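Here are the chains, one letter per residue:
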Amino acid sequence: MSTLTDPPKPAFRLSQLIYDTRYRSITIQVVALILILAALYWLVNNTLDNLARLGKDFNYGFLSNPAGYDINQRLIEYNNQMSHGRAALVGILNTLLVAFLGCVTATVLGVIAGVLRLSKNWVVNKLMAVYVEGFRNVPLLLWIILIFAIMTESMPQPREFRGEEATQSMLLGDNVAITNRGIWIPRLAFTNSISGNEAVAPVEDAVPVASGAADWLLILGVLAASLIAIRFVRRRADRIQEATGDRPKTWYIQLGLLIVPVGIVFVILGLTIVSPYLRGFNFAEGIHLRNSLIALWIALSLYTGAFIAEIVRAGILAVSKGQTEAAFALGLQPARTMNLVVLPQAMRVIIPPLISQFLNLTKNSSLAIAVGYMDVRATLGGITINQTGRELEGMLLLGAFYLTLSLIISGAMNFYNTRTQLKER
Amino acid sequence: MKRTVLFGALTIAGLAASAASAATLDDVKARGTLNCGVTTGLVGFAAPDANGVWTGFDVGVCRAVAAAIFGDPTAVEFVPTTGQTRFTALASGEIDLLARNTTWTFSRDTDLKFEFVGVNYYDGQGFMVPKALGVSSAKDLDGATVCIQTGTTTELNLADFFRTNNISYEPVPIETNAEAQQQYLAGACDVYTTDASGLASTRATFEAPDEHVLLPEIISKEPLGPLVRHGDSDWGDIARWTLNALISAEELGVTSANVEELSAAATDNPEVNRLLGTEGELGAMIGLEADWAKNAIMAGGNYGELFEKNIGENTPIGLARGLNAMWTEGGLIYSPPFR
Amino acid sequence: MSDTHAHSASYVRDKMLPEQAPPVTQVGAIKWLRENLFAGPLNSILTLISIYIVYWVVIHIGPWIMNGIWEADNLNGCRAIRNEIYGEGVPAACFAVLTDRWHQLVFGYYPSALYWRPILALLLFGGGLAPILFPNLPRRLYILSASAPLLCIWLLWGGSIWMPISVAVGFFVGYAAFKYLTPVVGSLGGTIAAVLLPILYWLLLAGPLAGGLQDVLPLGIQAVQSRAFGGFLLALVIGLAAIVLSLPLGILLALGRQSDLFIIKTSCVIFIEVIRGVPLIVWLLTAQTLLNYFLPPGTNFDLMLRVIIMVTLFASAYIAEVIRGGLAALPKGQYEAADALGLDYWKAMQLIILPQALKISIPGIVNTFIGLFKDTTLVLFIGLLDSLGVANAIRSTTDWNGIYWELFLFIGVMFFISCFSMGRYSLYLEKKLQREHR
């Protein structure tokens, strides 16, 4: 009897691994895992074989050897006696700099072009169409080369600023020099610097000045404190508004909090504007924005801006007209309609592709090679590999850097996406 | 062989999977062509013409080696390489011989595992400036902007030079010679520095060459020569002695015009006879035909002819022989004896 | 009511006045100008700025192009002609470099007598695409689609005709194995045999077979080395080969990424993200410098083939994301309906999901191809002579040393024309597909 109520457990047969859907997925995964591991083993094994055959080894010791080459644009201190690792770091910072600058201007350009492309003005509309299509359909590399060449050909040489009959003069009260080697702008320095750097007179008979990280950290700290204070003021205004219905006027307090403390710090440190001036072959002092940086920056911004323009246009068009009309029917002002109804919806469409454009821009900055901008590909992935013959180690490091950067940016994108996702069933 | 056919079958890409075994000569013979690495284009040294035929001084070396092996100077595949890809192309066996104005240095010979087979051009790094700048010595270049080509020894030499003289400069790294030339002419740099031969040939193509001068300082030694991989000395010998044959031919007065006649029968000069294979068995010693050197010389002429035809004083490039004259004429070009 | 009103009021006109012309400001050019260019102060300013920009560009570039010199042997010849006609220092383009070398910019160093072969290959490729893009063509044309890739390869690289034929036989081997072995060893065994047998055939038999047939009956066309490829031809071959090869890989990756199986999903995600996270130029340098490390010692590929492999892997990650979008765009009902019909995973994908998802993805695939086509210019940095590389090579001959803008202008215009027309085509497809869906 008991046999009827208690059916025998079906014995596990080997064929179930293939035909039974309960087990099949495990089989497939195990097979896949084995194949992947085998492939990895094969690759690593080949690499080791090849390294042995070429008489090379795998180590990162070369990163601490002296680099021996110079880098023109360096955001941190560097000279040719420092290590390859330091050179790579200089390159990384340069990549980050141009990527950041590019993202900012590409967004601004893209938004302007996207909005103008929807303009009813025929000339403006067509001009923007030419811009967008022209940049989208020609390789970025070509644009970078062309813009670099246009800049060197059309801007004056530094020597034209020299002498009695100089054909060129500096702009903005002798503060800015635009040349075909880049743009020199004034820099800020301090007579009472707390950085400990030795104060140097920028020009003969001038007050010696210096600047260093400590100065800027102090200023940033004060600025941050001011912003926090401003937040408190705003919160207080909010509370009063909720309690009484009247919002106290606070803008002058906010403005004062923003300007006065930083201003005081500036005075204490003895802020001085150091303008560039002609010395020898080039301008001296000031900040030198090199042509390679500017060309790469402009080309990346214009190219990515054209893509962003299309994204912005699509985003605005994606918000249905009914939304605007409904907002008007509720009696909202046009400006508030834009802020409260259209933009939040358009942003949801715009932001994800926008961030993937930022990602593209960052990766495209590796084309710096075309204009001799010393980014990480040019230092670590270029000269260092070439001089040391460590292509395997160098390329792995380079790939890891770009991958980390991309993952950070796409992580930000995913975070935003989950936050703004429409809550559906 | 089957594998070769297979990859051909899968890809029909023609060329694939040839094992870079120890005997490069066997591979080259089996393939029927010599794979020779050259620049992607440098005036006078290597560039394809309107019909896609490569010509130039470095190209001449490749053709001579091909002629020595196959008797056919056209049995060469020219593989354009950049400053950055040239060494990996050679190390991986993609090319058999690299003739791309490459400087012979200690670390390249030892650490990068290559073997330089000789020097076909003695060069040195120089500076070119516009005359209007009024500079007469490289030591006056404090603060100057300098255009350099990346991926070469130039950037290291430059750093050394400015450091030892304790003056500052602003490097502008440029990828190709053509690009650097455009930057220099537009005044984006005060100075253009590269091998003196390159400077001279670049200057020769300017619209107004007289407005530019080469500074007297030569800041480095740049012996440029063809190189092969470490580990196959037989192959290295073929490349080395082909180059030497071209040099000896000039010394002995053997030219592309008279080599046919001289090799028809033994002459009075035993060294010419040994070189051209009418006496002795030098060819067999390096695994080639007896007339290998004759073929190499017929490919483009002897060393002097190659020089005159591609970069000499009668070409737009107009380089003087200088250091590259025969040792008998006060230069450094010298070949060990054929014996 | 109105009648009486009309009769009683004597001032009502009972005859139509002749039509008057509308006010000048409301018709023709002036109205158009007012509405489109000078609608408000801001608008007017924008118009004026735009017109000035156009004027500036025309003034600076116009004379240079109009004075262009088309007949000269070298740059110095150009300069001499310019000095003779216009005088020294007058801007004049030297388009003679294009008349002299345009074929190299387009075809690279492909033998000029054989230019018909790449052109024919391109036409064949287009012909092979037609039945896929236009479903109302006769189904028989699929034979063209299936044979186009091998034929194109044969036309481009040349060599013996027996090679592509013996490769094609491999597919029939696989098909036959599947058809005749399935009843014997079951569907799983049949599938495995259908994969393994052709591979074994290609590894062991295809080469000797082709060689033997070639010995018996030599049929073939002149072989062309990969190194002869250059200019736009190179960009097109790399781009098209990568897109075609990356499609199957991309589909598998997209399906893998959507899969419930943890290991499969994770490995697909890692692959896609790693490929997409690193710039193409780094991958190309990897192909140039590192691929030889990863392959067994002694293996040595053609550089172009290595680049195609690398670009294929690169493109497959992007295609996978495009197709994932297509899969996600399908309503859930489609998946549920397939399950309800009792179809297994592969049948459901093959018959219901993929046909629809791929159709939606076509514009995205075309856009990926445009991006890829533009990105092929990067091969310049690893020593392949694409159009920019050929331009550099041209500039390093003694004849044309020092020429600059003309070459870049030509390359830019060529890229613009091809990318712009492909972009328009993808827009048209998008619109057409949208219409079909409603």
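Residues numbered from 1 in each chain as written. Chains lettered and ligands numbered in written order. Predicted model: local features only at pLDDT ≥ 70, side-chain atom pairs only at ≥ 80, totals over all residues. Heavy atoms only, no water.

Participant: Quick question: what am I supposed to make of the interface of chain A and chain C here?
Facilitator: By a widespread convention, an interface's size corresponds to the accessible area lost as its parts come together. Each partner contributes residues to the interface: chain A has 54 residues there, and chain C has 52 residues. Carbon and sulfur atoms supply 74% of the area buried between chain A and chain C, which totals about 4600 Å² over both sides. Three residues stand out in chain A for area buried against chain C, namely Q29(A), N137(A) and M395(A), and they jointly supply 13% of the buried area on that side. Linking chain A to chain C there are 1 salt bridge. Here R424(C) and E133(A) are joined by a salt bridge, their closest N and O atoms 3.0 Å apart. Contributions of two or more residues to the side of chain A that touches chain C are made by α2 (16–19), α3 (21–54), α5 (122–136), α6 (140–154), α9 (291–318) and α13 (391–420) of chain A. Residue contributions to the side of chain A that touches chain C peak at 15 residues, all from α3(A). In terms of residue class, the side of chain A that touches chain C is made up of 33 nonpolar, 11 polar and 10 charged. (Contact = heavy atoms within 4.5 Å. Buried area = accessible area lost by both parts, 1.4 Å probe. Salt bridge = Lys/Arg side-chain N within 4 Å of Asp/Glu carboxyl O. Helix = DSSP H or I, 4+ residues; strand = E, 2+ residues; numbered from the N terminus. Nonpolar A, V, L, I, M, F, W, Y, C, P; charged D, E, K, R; others polar.)

Participant: Explain helix α4 (residues 75–85) of chain C here, please?
Facilitator: Three or four residues apart is the spacing at which side chains of an α-helix point the same way, because the helix has 3.6 residues per turn. Residue and element names in this part refer to chain C. Taken together, the buried positions of α4 are occupied by L75, C78, R79 and R82. Viewed end-on, α4 has its buried residues packed into an arc of 95°, placing them on one side of the element. Exposed positions of α4 whose direction lies more than 90 degrees from the buried face are N76 and E84. Close packing links the buried residues of α4 with α5 (96–107). Capping of α4 at its N-terminal end is provided by N74; its side-chain oxygen lies 3.3 Å from the backbone amide nitrogen of N76. Once α4 ends, the next one or two residues include G87, with phi positive near 100°. (Buried < 20%, exposed > 50% of the residue type's maximum accessible area, 1.4 Å probe, protein only. Arc of directions from axis to C-beta. Polar contact = N/O pair within 3.5 Å; in protein donor to acceptor, adjacent residues only side chain to side chain.)

Participant: Hey, could you run me through the sheet that holds strand β1 (residues 177–179) of chain A in this one?
Facilitator: Hydrogen bonds along the backbone pair up the strands of a sheet, which may run parallel or antiparallel. Residues and elements named next belong to chain A. A sheet is described by the order of its strands in space; here 3 strands give the open sequence β1-β2-β7, paired in antiparallel fashion. Sheet topology places β1 and β7 (287–290) at the edges, where each strand pairs with a single neighbour. Strand-to-strand twist of the sheet, defined as the mean angle between neighbouring strand axes without regard to direction, takes the value 15°. Set on the sheet, α9 makes contact with β2 (182–185) and β7; between it and β7 the angle comes to about 55°. (Pairing = 2+ DSSP bridges. Axes fitted to C-alpha atoms, helices over the stretch in contact; angles between N-to-C directions.)

Participant: Just to check I follow, could you spell out the nonpolar core for this structure?
Facilitator: Generally speaking, nonpolar side chains in soluble globular proteins are found buried as a group. Counting residues in each nonpolar core, the largest one holds 228 residues, and the members touching the most others are L141(A), W235(B), L105(C), F229(C), V307(C) and F381(C). At 14 residues, the largest contribution of residues to this core is made by helix α13 (residues 303–329) of chain C. V135(B), I148(B), A159(B) and I167(B) belong to the second largest nonpolar core, which has 18 residues in total. (Core = buried A, V, L, I, M, F, W, Y, C linked by side-chain atoms within 4.5 Å.)

Participant: Help me out: how do you make sense of the state of the cysteines in this one?
Facilitator: In protein structure, a disulfide is the covalent linkage between the sulfur atoms of two cysteines. Residues and elements named next belong to chain B. The final tally for this structure, using the stated rule, is 3 disulfides over all chains. Note on cysteine connectivity: C36 is disulfide-linked to C62, with sulfurs 2.0 Å apart. Here the S-S torsion is close to -60°, and the disulfide linking C36 with C62 is therefore left-handed. Placement of the pair is C36 in strand β1 (residues 34–39) and C62 in helix α3 (residues 57–70), with a sequence separation of 26 residues. C62 carries the same exposure label as C36, and that label is buried. Each sulfur in the disulfide pair C147 and C189 lies 1.9 Å from the other. Measuring handedness by torsion sign, the sulfur bridge of C147 and C189 sits at about -85° and is left-handed. Taken together, the positions of C147 in strand β9 (residues 144–149) and C189 in the loop between α7 (177–185) and β11 (191–195) put the pair 42 residues apart, joining distant regions of the chain. Across the pair, exposure class does not vary: C147 and C189 are buried alike. For chain B, the bonded cysteines connect in the pattern 1-2, 3-4 when numbered consecutively along the sequence. (Disulfide = S-S within 2.5 Å.)

Participant: Could you clarify how one ought to interpret the confidence of the model for chain B in this entry?
Facilitator: Do not read the fine detail of predicted coordinates wherever pLDDT is low. Of the residues in chain B, 93% have a pLDDT of 70 or more, and the chain-wide mean is 85. Throughout residues 1–21 of chain B the model reports pLDDT below 50, and contacts reaching past four residues in sequence, or to other chains, amount to 40 contacts. (pLDDT = per-residue confidence, 0-100.)

Participant: What is the right way to read the domain arrangement of chain B from this model?
Facilitator: All names here are of chain B. Examined at the domain level, chain B breaks down into domain 1 (22–122 + 223–329) and domain 2 (125–220). Here domain 1 and domain 2 have C-alpha centroids that lie 30 Å from each other. Interface of domain 1 and domain 2: buried area, both sides summed, is about 870 Å²; carbon and sulfur atoms make up 60% of it. Taken together, the links from domain 1 to domain 2 amount to 0 salt bridges. At the surface where domain 1 touches domain 2, the tally comes to 0 residue pairs in polar contact (both at pLDDT 80 or more). Of the residues belonging to the side of domain 1 that touches domain 2, the class tally is 8 nonpolar, 3 polar and 2 charged. (Domains from an automatic or database assignment.)

Participant: In this structure, what is going on with the pairing of strand β8 (residues 125–130) of chain B? I would like to understand it.
Facilitator: Two faces, one strand: in a regular strand the side chains alternate between the faces of the sheet. Residue and element names in this part refer to chain B. Across the 6 residues of β8, 6 count as buried, placing the element largely inside the fold. Residue alternation in β8 divides its side chains into two sets, Q125, F127 and V129 and G126, M128 and P130, and both sets are buried. Here β8 pairs with strand β12 (residues 212–214) via 3 bridges, running antiparallel. From the neighbouring strand, P130 faces β12, where its bridge partner is H212.

Participant: Please clarify how the side chain of R395(C) should be interpreted in this entry.
Facilitator: Along the chain, the position of R395(C) falls in helix α16 (residues 387–395). A polar contact is formed between the side chain of R395(C) and the side chain of E179(B), at a distance of 3.3 Å. With residues near it in sequence (within four places) discarded, R395(C) still touches A178(B), E179(B), W400(C), N401(C), G402(C), I403(C), Y404(C), L407(C) and F408(C).

Participant: I'm lost on the interface of chain C and chain B in this one. Help?
Facilitator: Contact residues are listed per partner, giving 42 residues for chain C and 49 residues for chain B. Both sides of the chain C and chain B interface together cover about 4000 Å² of buried area, and 59% of this is carbon and sulfur. Residue assignment for the side of chain C that touches chain B shows that the elements contributing at least two residues are α4, α5, α7 (142–157), α8 (162–216), α11 (280–289), α13 and α16 of chain C. When residues in the side of chain C that touches chain B are grouped by element, the largest group, 6 residues, is from α8(C). Looking at the side of chain C that touches chain B residue by residue, the class counts come to 17 nonpolar, 17 polar and 8 charged.

Participant: I keep staring at the packing of aromatic side chains and nothing clicks. Help me out?
Facilitator: The relative placement of two aromatic rings is captured by the distance of their centres and the angle of their planes. Residues and elements named next belong to chain C. For the structure on display, the rule yields 44 aromatic pairs over all chains. Ring centres of F107 and Y115 lie 4.0 Å apart, and the angle between their planes is 15°; on these two criteria the pair is classed as stacked. Taking the centre distance of 5.2 Å and the plane angle of 50° together, the rings of F373 and F415 count as tilted. Remark: F415 occurs in helix α17 (residues 405–437) and F373 occurs in helix α15 (residues 345–375); sequence separation between them is 42 residues. (Phe/Tyr/Trp six-rings, centres within 6.5 Å; stacked < 30°, edge-to-face > 60°.)

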